[in-house]
Amino acid sequence: MKRLSTGVLAALIATLCGLNAVAAPSHATQGNIGNSVAQGGAAPPADFGSPPSGQIPILYNDHHVYSKPDLLKQGRVLAALVKGGTLFIPLRSMFEQMGATVSWDAGSQTATVSKPGAEVKVTVGKPEVVINGESRPLDVPPMIYQGVVVVPVRVISESMGAYVQWVPDKHLVVVRYIPATPPPSPAPPPPPPPPPPPPPPTPAPIHTPNVVFVAGDYMFNPKVYNQFSAGNGGAGGSYSVRGGVEFDAIGLPFMLEADYENFQYPHNCGVPQSSANAQNAASCYVTVIGGNGSTYVPGFTAVNRDLDARFGYRIFKPHVYIAVGYIWGSNNYGYPNLRAVGGGLEKLPDFGQKFTYFGSVYYYPNFRGTFTSASNAIPPNQTLGVGYNMLKYKVGVAYAFVPAIAIEAGWNGENGANKNNFPISYNANGAFAGLLFFAPF
């Protein structure tokens, strides 16, 4: 006997070839039971008639079955065997064609066929087949024919659900086998729902209703332009201090703030009065208030200072205010003190933010005072009103390197346009840096 090879649907072949099944007597043991194990349902047994004794070619799924598929030589068709009215088929070749594994125990003369869902055992000379542990009788036992174990056709029909048909016109056996479709794998369980996203971090507050703050800044070499200085740099003592509070009152947001600035600068005059004149010591001569000539002023360090108080109402969040202010100004060179009421806009720092900015601009029209000339002046004891239109401004940034403390830096200045009787207009500005402290309450 020779080994099996594979093919396609035998029933179709039988139809194409015009072959008809021939009835076989009911006593023939080669009857087909059809798909009883592998496909889960029993087909009625086929009637094979009385095949002649001898070897019958097998057509398996539309292909001749060879004992050694690697040697497809003409005439090496694997055959079924008809003996004593029983149709035998070669065990190993047929089962291997069906995708099963066959093992042979030479000692017990037992062949074991394994395939997912089915296990078949037969023993040469023993008229039974064990299918999935269940023993079933055979009319005739398996035997060895020309070195090949052959079994009654019932073995493959009952154990594997194969369809077997004897075609007497063509003198061949047709075997059709369609492996059972495995049941579909159960659908995987749905994945667990994703965890809810973590809540977004709570942003740092950009507006705290009640905050108190104070800041101190050093001015770096501010430039001052007035009757005593033509843009001289600061003398090292220029600074500013401010502080205030944001608060809610009667359900409304307000701000109260004070800002103090101190500009220190030199009046340069290196020529003694005894030898000074307008040609060799022009910087020593200063126009007097009222414009009645000029006078010699020796060198000294001048100081201009002013303090303004501001009361504001918040118009935009987080910290933008419109405010009214009162400013008071003084100096160290005998000019009158000045005062005025004005107003402006201010953006306070965003307290609680890591990085923030701030700025202000205030306008004080008629920053004024009263000057009385000395008794020896020309004209003596004259009283004059003096004043500027004052603009104060500041802009900067702040970085909170620890909670409630920030480094700040920026630019600030004052611009006093001469309104009446001052010798000239006044301007001072420069860079600053310092610390800002704040705390809610």
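For the structure, see preceding data.
Reference entry: report on the structure contained in this document. (Residues numbered from 1 in each chain as written. Predicted model: local features only at pLDDT ≥ 70, side-chain atom pairs only at ≥ 80, totals over all residues. Heavy atoms only, no water.)

Right, let's get into the overall build of the chain. When you go through the chain residue by residue, the secondary structure sums to three helices and 26 strands. Taking all 441 residues of the chain together, 43% fall into the buried category. Looking at the chain as shown, the accessible area adds up to about 21,400 Å², and 62% of this sits on carbon and sulfur atoms. (Helix = DSSP H or I, 4+ residues; strand = E, 2+ residues; numbered from the N terminus. Buried < 20%, exposed > 50% of the residue type's maximum accessible area, 1.4 Å probe, protein only. Areas by Shrake-Rupley, 256 points an atom, 1.4 Å probe, with all protein chains shown as cover.)

Moving on, we come to the nonpolar core. Ranked by internal contacts, the top residues of the largest apolar core, which has 40 residues, are Phe228, Tyr335, Phe351, Phe367, Tyr426 and Leu436. Listing elements by their share of this core, those giving two or more residues are β14 (211-226), β17 (252-267), β21 (320-331), β22 (338-347), β23 (355-372), β24 (383-402) and β26 (426-440). With six residues, β24 is the largest single contributor of residues to this core. In this view, Phe367 contacts Ile327, Trp328, Gly329, Leu338, Arg339, Ala340, Val386, Gly387, Tyr388 and Met390; residues no more than four positions away in its chain are not counted. (Core = buried A, V, L, I, M, F, W, Y, C linked by side-chain atoms within 4.5 Å. Contact = heavy atoms within 4.5 Å.)

For the rest of this paragraph, the subject is the sheet that holds strand β6 (residues 110-115). Within a sheet, neighbouring strands are paired by backbone hydrogen bonds and run either parallel or antiparallel to one another. Overall, antiparallel pairing links the five strands, which are arranged β5-β6-β7-β8-β9 in an open sheet. Of all strands in the sheet, those bounded by a partner on one side alone are β5 (101-105) and β9 (134-137). Strand after strand, the sheet turns through a mean of 20° between neighbouring axes, direction not considered. Relative to strand β8 (residues 128-131), strand β7 (residues 118-123) runs antiparallel, the two being bridged by three bridges. Paired with Val120 across the bridge in β8 is Ile131. (Pairing = 2+ DSSP bridges. Axes fitted to C-alpha atoms, helices over the stretch in contact; angles between N-to-C directions.)

Glancing now at a nonpolar patch on the surface. Among the surface-exposed residues, Val214, Tyr239, Val241, Phe355, Tyr357, Val397, Tyr399, Phe401, Val402, Ile407, Leu435 and Phe437 lie close enough to one another that they form a single nonpolar patch of about 1,000 Å² accessible area. Elements with a minimum of two residues in the nonpolar patch: β16 (239-249), β23, β24 and β26. The leading source of residues in the nonpolar patch is β24, at four residues. When you line up the elements, Phe437 lands in strand β26. Given the relative accessible area of 36%, Phe437 is considered partly exposed. (Patch = residues over 30% accessible without salt bridge, like charges linked within 9 Å, V, L, I, M, F, W, Y side chains within 5 Å. Salt bridge = Lys/Arg side-chain N within 4 Å of Asp/Glu carboxyl O.)

The side chains of a regular strand alternate, first on one face of the sheet and then on the other. Most of strand β11 (residues 148-152) sits out of view: five of its five residues are buried. Examined bridge by bridge, strand β4 (residues 86-90) and β11 share three bridges and lie antiparallel to one another. Pairing of Phe88 across the sheet is with Pro152, part of β11. Where strand β10 (residues 143-145) meets β11, three bridges bridge the pair, whose relative direction is antiparallel. Bridging across to β11, Met143 finds its partner in Val150. With antiparallel pairing between neighbouring strands as the criterion, β10 and β11 make up a hairpin whose turn holds two residues, including Gln146 at a positive phi of roughly 50°.

The next subject is the environment of Thr123. Checked against the element boundaries, Thr123 lands in strand β7. For Thr123 and Gln109, which are 14 residues apart along the polypeptide, the C-alpha to C-alpha distance reads 5.6 Å. Beyond its immediate chain neighbours, meaning those up to four positions away, Thr123 contacts Ser108, Gln109, Thr110 and Pro142.

Applying the stated criterion across every chain, the model contains one disulfide. A sulfur-sulfur separation of 1.8 Å characterises the disulfide bridge that pairs Cys269 with Cys284. When the S-S torsion is 105°, as for the bridge of Cys269 with Cys284, the disulfide is right-handed. Placement of the pair is Cys269 in the loop between β17 and β18 (285-287) and Cys284 in the loop between β17 and β18, with a sequence separation of 15 residues. A relative accessible area of 16% means that Cys269 is categorised as buried. (Disulfide = S-S within 2.5 Å.)

Looking now at the packing of aromatic side chains. Tallied over the full model, the rule gives 17 aromatic pairs. With a centroid separation of 6.4 Å and an interplanar angle of 65°, the aromatic rings of Phe300 and Tyr333 are classed as edge-to-face. Of this pair, Phe300 sits in strand β20 (residues 300-316) while Tyr333 sits in the loop between β21 and β22, and the two are 33 residues apart along the sequence. According to the relative accessible area criterion, Phe300 is partly exposed, its value standing at 24%. Plain terms: the ring middles of Tyr333 and Tyr335 are 5.0 Å apart, the flat faces sit at 75° to each other, and that makes the pair edge-to-face. (Phe/Tyr/Trp six-rings, centres within 6.5 Å; stacked < 30°, edge-to-face > 60°.)

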